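Chain by chain, the residues run as shown.
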Amino acid sequence: MNLQTSYLGLDLPHPFIVGASPLGSTVDRVRAAEDAGAAALVFHSLFEEQIEHHESGLHAHVEAYAESFAEASGYFSSAVDYHYGPEEYLEHLAQCRKAVDMPLIASLNGTTPGGWTHYARQIAETGVDALELNLYYQPRTDEEYGALIEANFIEVVGKIREAVSLPLAVKLSPFFTSLPHFVRRLELDGAAGVVLFNRFYQPDIDLESLQLKPSLHLSDSSELLLRLRWLAMLHGRYELSIACTGGIHTRDDALKAVMAGADALQLVSCLLQKGLGQIEELRREVAFWLEEQEYESLSQARGSMSYLHAPNPEALERANYLRILQSWEA
Ligand SMILES: Cc1cc2nc3c(=O)[nH]c(=O)nc-3n(C[C@H](O)[C@H](O)[C@H](O)COP(=O)(O)O)c2cc1C
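Residues numbered from 1 in each chain as written. Predicted model: local features only at pLDDT ≥ 70, side-chain atom pairs only at ≥ 80, totals over all residues.

**With respect to the packing of helix H10 (residues 251-260) against helix H12 (residues 277-292)**
Move 1: Contact geometry for H10 and H12: axes closest at 9 Å, N-to-C directions at 65 degrees. The interaxial crossing formed by H10 with H12 has right-handed handedness. Side by side, H10 and H12 meet where Arg 251, Ala 254 and Leu 255 of the first sit next to Leu 282, Glu 285, Val 286 and Trp 289 of the second.
Move 2: Partitioned by chemical class, the residues of the contact of H10 with H12 number five nonpolar, no polar and two charged. (Axes fitted to C-alpha atoms, helices over the stretch in contact; angles between N-to-C directions. Helix = DSSP H or I, 4+ residues; strand = E, 2+ residues; numbered from the N terminus. Left-handed = near helix turned anticlockwise from the far one by under 90°. Contact = placed C-beta atoms within 7 Å. Nonpolar A, V, L, I, M, F, W, Y, C, P; charged D, E, K, R; others polar.)

**Some remarks on the nonpolar core**
Within soluble globular proteins, side chains that are nonpolar generally end up buried alongside one another.
Move 1: Grouped together as the largest cluster of nonpolar side chains are 90 residues, with contacts concentrated most on Leu 41, Val 170, Val 194, Leu 231 and Ala 257.
Move 2: Here this core takes seven residues from helix H9 (residues 224-234), the largest share from any one element.
Move 3: For Ala 257, the residues in contact, after removing those within four places along its chain, are Leu 224, Arg 227, Leu 228, Leu 231, Cys 244, Ile 248, Ala 262 and Leu 265. (Core = buried A, V, L, I, M, F, W, Y, C linked by C-beta atoms within 7 Å. Buried ≥ 20, exposed ≤ 12 C-beta atoms within 10 Å, placed from the backbone.)

**Let's talk about the site of the ligand**
Move 1: Around the ligand, the surrounding shell holds 23 residues, and the nearest of these are Ala 20, Ser 45, Ser 219, Val 268 and Ser 269.
Move 2: Contributions of two or more residues to the shell around the ligand are made by strand S4 (40-47), helix H4 (70-82), strand S5 (104-109) and helix H11 (269-274).
Move 3: Of the residues contributing to the shell around the ligand, the split by class is eight nonpolar, 13 polar and two charged. (Near = placed C-beta within 6 Å.)

**Some words on the sheet that holds S4**
Move 1: With respect to topology, eight strands assemble into a closed barrel ordered S3-S4-S5-S6-S7-S8-S11-S12, the strand pairing being parallel. Strand-to-strand twist in this sheet, taken as the mean axis angle between neighbours without regard to direction, amounts to 30 degrees.
Move 2: With three bridges joining them, strand S3 (residues 16-18) and strand S12 (residues 264-267) adopt parallel strand pairing. The partner of Phe 16 across the bridge, within S12, is Leu 265. (Pairing = 2+ DSSP bridges.)

See below:
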């Protein structure tokens, strides 16, 4: 079965990519991902704060940031665990580039249009094939409004586009007033793809100690539904590629994401829980199912359940929301 796909202009043999995580944090792990048949790998992120910390020597800044925003601390602790500063990150990318042939995608994580964006150029020099920009941000004051935050995001994207010609994917949260409009702006500003969606690592409250408890739960398949809705809404409207991240664990999850419109499928929790062998397992199972259903290729299935092609696109709309609520019987 032909599972080929194109993502960010990269021709991939199948859509299963290792998503940004510790799975790319050592050369051995990256080699293991390639040996396990990954179509590509996204590295863990280099954070704006790490770069600024490095450049200003203000160690306290990173610590204050991680302390104040519990949702960041999951990311920060993993960043700290990787023991990478910006220079080590670049060195790691360059070493991995020499060690494997599969496409490699670096990840920058930042939201303010500062000097850190010039690292994109140094990242490009390591020989990676593409760059993922994670716009992970939560407003904290009542002075920040949607248009301002989006304008900042667009400026960051613009600065990175100025710095490099590498294909750029933007990893988004689902929290936009109009996601279709924002994706259009990204496309106009030269993004080659979007990645749907960031997960927010929400802290819990410990009632005994009255402390916030940062927690990192791996995903399960229930998180896929939010992605399916937006994949289905966005597919076919843009030239840019769309990757799905969040909640892909089984053959059916993968097939649904492709049918909703995903060009590439990023796996993290599934691989952390069950091992890299899942890549081959999912690839085989998806191929087998498509053959059984007499599809000619994965491309033939792509987007078949999107808003443009679904037999029942109303299921994505407001009228259906009303109908579903009214259908409840005690
Ligand atoms: C331990 C861990 C570390 C992660 N580190 C990063 C990171 O550095 N940058 C990033 O953009 N996403 C990071 N993520 C998010 C994943 O790339 C992915 O988007 C998310 O886990 C949802 O996919 P999943 O359901 O397959 O886990 C991390 C996730 C986990 C579990």
